[in-house]
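Now for the letters of each chain:
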Amino acid sequence: CLNTEAVCFKGATLFSLTGRIETNIHVVLVRKKPTERPVTSDLLLMSFYLQIIRVQTPDGMRKIASTKRETAAAFLKKVATELGFSANGFSIYLNRNKTEEILSQNKTMSLLKIKHGDMLYLVPTGSSSSPGEVMDTIQEDEIDQYLTKQDGKIYRNKDPQLCHHGSLGKCVHCVPLEPFDEDYLNHLDPPVKHMSFHAYLRKLTGGADKGKFAALENISCKIKSGCEGHLPWPEGICTKCQPSALTLNRQKYRHVDNIMFENHTTADRFLDFWRKTGSQRMGYLYGRYTEHKDIPLGIRAEVAAIYEPPQNATQNSLELVEDPKAAAVDEIAAKLGLCKVGWIFTDLLSEDTRIGTVRFTRNHDSHYLSAEECITAGYFQNLHSNSCRLSRDGHFGSKFVTVVATGGPDNQVHFEGYQVSNQCMALVKDECLLPCKDAPELGFAKESCSEQYVPDVFYKDKDKFGNDVTFLARPLPVEYLIIDITTTFPKDPQYTFCSTQRFPIENRDILGETQDFKSLSTYLSQCTSTTFLDVVSDFHLLLFLVTNEVMPLGDSIGLLLDAVRTSNEDLAQTWKKSEQWATIEQLCSTVGGQPSSSQSYGAMGGPSAPASSSAMWSCLHCTFMNQPGTEHCEMCSLPRS
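Just so we're clear, the structure is a prediction, and the values are computed from it rather than from any experiment.

## Concerning the sheet that holds strand 25 (residues 468-472)
Strand order in this open sheet of three strands is 8-24-25, and the pairing throughout is mixed. Strands with a single pairing partner mark the edges of an open sheet, and in this sheet they are strand 8 (246-248) and strand 25. Pairs of neighbouring strands in the sheet enclose a mean axial angle of 35°, with direction left out of account. With respect to the sheet, helix 9 (residues 422-429) is in contact with strand 8 and strand 24 (457-462), its orientation differing from that of strand 8 by roughly 135°.

## Focus on unusual backbone geometry
With omega at -5°, the peptide bond leading from aspartate 189 into proline 190 counts as cis. Following the sequence through the fold, proline 190 ends up in the loop between helix 4 (182-186) and strand 7 (195-196). Here the bond from arginine 474 into proline 475 is cis, since omega is 5°, no more than 30 degrees from zero. If you check the backbone angles, glutamate 100 has positive phi at about 60° while not being a glycine. Structurally, the position occupied by glutamate 100 is in the loop between strand 5 (90-93) and strand 6 (119-124). For glutamate 431, which is not glycine, the phi torsion reads 55° and is therefore positive. In this fold, glutamate 431 is placed in the loop between helix 9 and strand 22 (433-435).

## Observations concerning the packing of helix 10 (residues 517-526) against helix 12 (residues 539-547)
Between helix 10 and helix 12, the shortest axis-to-axis distance is 12 Å and the interhelical angle comes to 140°. Relative to helix 12, the element helix 10 is oriented oblique. Both helix 10 and helix 12 take part in a crossing whose hand is left-handed. Listed contacts from helix 12 to Phe517, Leu520 and Tyr523 of helix 10 are Leu541, Phe544 and Leu545. Counted by class, the contact of helix 10 with helix 12 contains six nonpolar, no polar and no charged residues.

## A word on the pairing of strand 15 (residues 339-347)
In terms of residue burial, strand 15 counts as a mostly covered element, since seven of its nine residues are buried. Bridge count for strand 11 (residues 282-292) against strand 15 is six bridges, and the pairing is antiparallel. Along strand 15, the bridge assignment pairs leucine 285 with glycine 342. In this structure, strand 15 lies alongside strand 20 (residues 401-407), joined through six bridges in parallel fashion. Within strand 20, the residue paired with aspartate 347 across the bridge is threonine 406.

## Topic: the packing of helix 10 against helix 15 (residues 579-591)
Taken N-terminus to C-terminus, the directions of helix 10 and helix 15 make an angle of 100°; their axes are 8 Å apart at the nearest point. Between helix 10 and helix 15, the angle is such that the two are roughly perpendicular. Seen from helix 10, the contacting residues are Phe517, Lys518, Leu520, Ser521 and Leu524; seen from helix 15, they are Trp581, Ile584, Leu587, Cys588 and Val591. Class assignment for the residues of the contact of helix 10 with helix 15 results in eight nonpolar, one polar and one charged.

## Here we look at the nonpolar core
Leu336, Phe497, Leu520, Phe539, Leu545 and Ile557 are the most contacted members of the largest nonpolar core, which has 71 residues in total. At seven residues, the largest contribution of residues to this core is made by helix 12. For leucine 520, the contacting residues outside a window of four places in its chain are Phe503, Leu541, Phe544, Leu545, Ile584 and Cys588. Counting residues in hydrophobic clusters, the runner-up holds 25 residues, among them Ala267, Leu271, Ile306 and Val401.

## Overview of the packing of aromatic side chains
A complete count under the given rule lists 22 aromatic pairs for this structure. Taken together, a centroid distance of 5.1 Å and an interplanar angle of 55° make the contact between tyrosine 459 and tyrosine 480 tilted. Of this pair, tyrosine 459 sits in strand 24 while tyrosine 480 sits in the loop between strand 26 (476-477) and strand 27 (482-488), and the two are 21 residues apart along the sequence. Aromatic pair phenylalanine 503 and phenylalanine 544: ring centres 5.6 Å apart, planes at 45°, arrangement tilted. With phenylalanine 503 in the loop between strand 27 and helix 10 and phenylalanine 544 in helix 12, the pair connects residues that are 41 residues apart, well separated along the chain. By relative accessible area, phenylalanine 503 is classed as buried at 0%. By relative accessible area, which is 4% here, phenylalanine 544 ends up buried. The ring of phenylalanine 273 carries the charged tip of arginine 281 above its face, separated from the ring centre by 4.1 Å.

Analysis parameters
Residues numbered from 1 in each chain as written. Predicted model: local features only at pLDDT ≥ 70, side-chain atom pairs only at ≥ 80, totals over all residues. Heavy atoms only, no water. Pairing = 2+ DSSP bridges. Helix = DSSP H or I, 4+ residues; strand = E, 2+ residues; numbered from the N terminus. Axes fitted to C-alpha atoms, helices over the stretch in contact; angles between N-to-C directions. Contact = heavy atoms within 4.5 Å. Parallel < 35°, antiparallel > 145°, perpendicular 65-115°, else oblique. Left-handed = near helix turned anticlockwise from the far one by under 90°. Nonpolar A, V, L, I, M, F, W, Y, C, P; charged D, E, K, R; others polar. Buried < 20%, exposed > 50% of the residue type's maximum accessible area, 1.4 Å probe, protein only. Core = buried A, V, L, I, M, F, W, Y, C linked by side-chain atoms within 4.5 Å. Phe/Tyr/Trp six-rings, centres within 6.5 Å; stacked < 30°, edge-to-face > 60°. Lys NZ or Arg CZ within 6 Å of the ring centre and 35° of its normal.

Laid out in structure tokens, this is it:
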């Protein structure tokens, strides 16, 4: 070309020194005078060797300039520099399914058959998933595994007026609907504002791509670590490590669609503390997650028991203190087939003690949940995250619920259920949300400081002209963070723990209700049940047997817990014959002031066998505990009587 007077390339594609692609341009190369040195076509030669390689990362696609003669090692080093990774902090593959990894070697890009415009896939080290990939190693809850296998479609009967086909045909008026159909949910009675979480997953994973590019991303308000292009905050920050601004939106789904207490007795016993002291009370809800059939692919949290941890309570405040028995309670609940499904607290003010009415304080004119309560709910939900296979982190959202016992419009005690959104969970987790002192219905997004960078938080509202206006969340109405959940009681009460008597509830010493062997002796003497299983089927009694300081049963109570969980009277009778229960009976007899030879409580529908043949006995002379069936003390050899 250089030997001609002029050469013109029309529509050529060339590369500038900065890596930009210039198309549809005219390149004219003119031969200089014979006395001058000919011009070399460096730009044209560069266009022959230079190529653009696309690299798909978890944060999006990036374009990397390369050449055909560049080695793989140099290319990987260039990727690490431009994307802010360490040298060994990532792997690059030729295929999306993470096969044919590009290793750091001296082979050129042309030998690796990597051409201009090819797509490579970058996976950070330690990350085992990519967008749309299912993590089979994550153990989801049983209810999630069950709902994943369900069809979930909403089947409709043939419409006699609109359907004009045979019994085996389908038309637009009777074809099954998807579980996320908004028109169907809005026409339910009452209307459903939030689709179920599994219906939302069906919406993401549906369509032609079957959710190939669907991924559940947990929101992060923290600066990404590992960015080496600048000094750490507050000296520097860049778009690679800076968290995105957050605009609060109404969450379209909820992880739990209904809360149901098994019976009124469980809730009434919890309210007794407020009735007797006037102070507020807090407790943890233990139960199980089941299918809620009123909503497509819905989940219901069934409450079987309430555990009240140590706390300092007044008429207007609650303060939780450290609970040394928390791990033991969770372990016992797990052996009973239960888990911690939520927390409950009271906000009650008496209006007329003569007729038992309470004030209606939580409404649209005040607030439903205060900012401080939203932060506490977000803290609990972060502690009890929901395992999810579609999330790169292995968890997404939470099924932990919040229940408030407060006054209703009829001035009676109502139970209201809530959750906070995933956006609120992220703000609470990264310590970006604060309550307002003077206005409980308002929160406040923190401002950035030298110790912490906080992204901007916005919310949308309508002005006086009806236009959507974006506001900075300083302050923030907490209604943008709340998801309401229906709380119900069944028509036919259910009982996981079927004891008719009431064993004292833990941590109620202020009422004079203590858990000790004297109260256990009183409880057993008052039991009139004909089966031993009914006597011990009390959540608070089982907690006392395991956590008491005199004789904690620990692992030896496993058989009894299995009996209560499966309602198996034979297993309960087997455990009743153990030495542990015999010791418990003897301690109750000693503390309760009853002679060991007297007839015991009627746990089997009548007087039990004499203590000399069924339980250990304490010597009246030296207090040594002797084995059953002996008439003389093994220590002092004196007679039992």
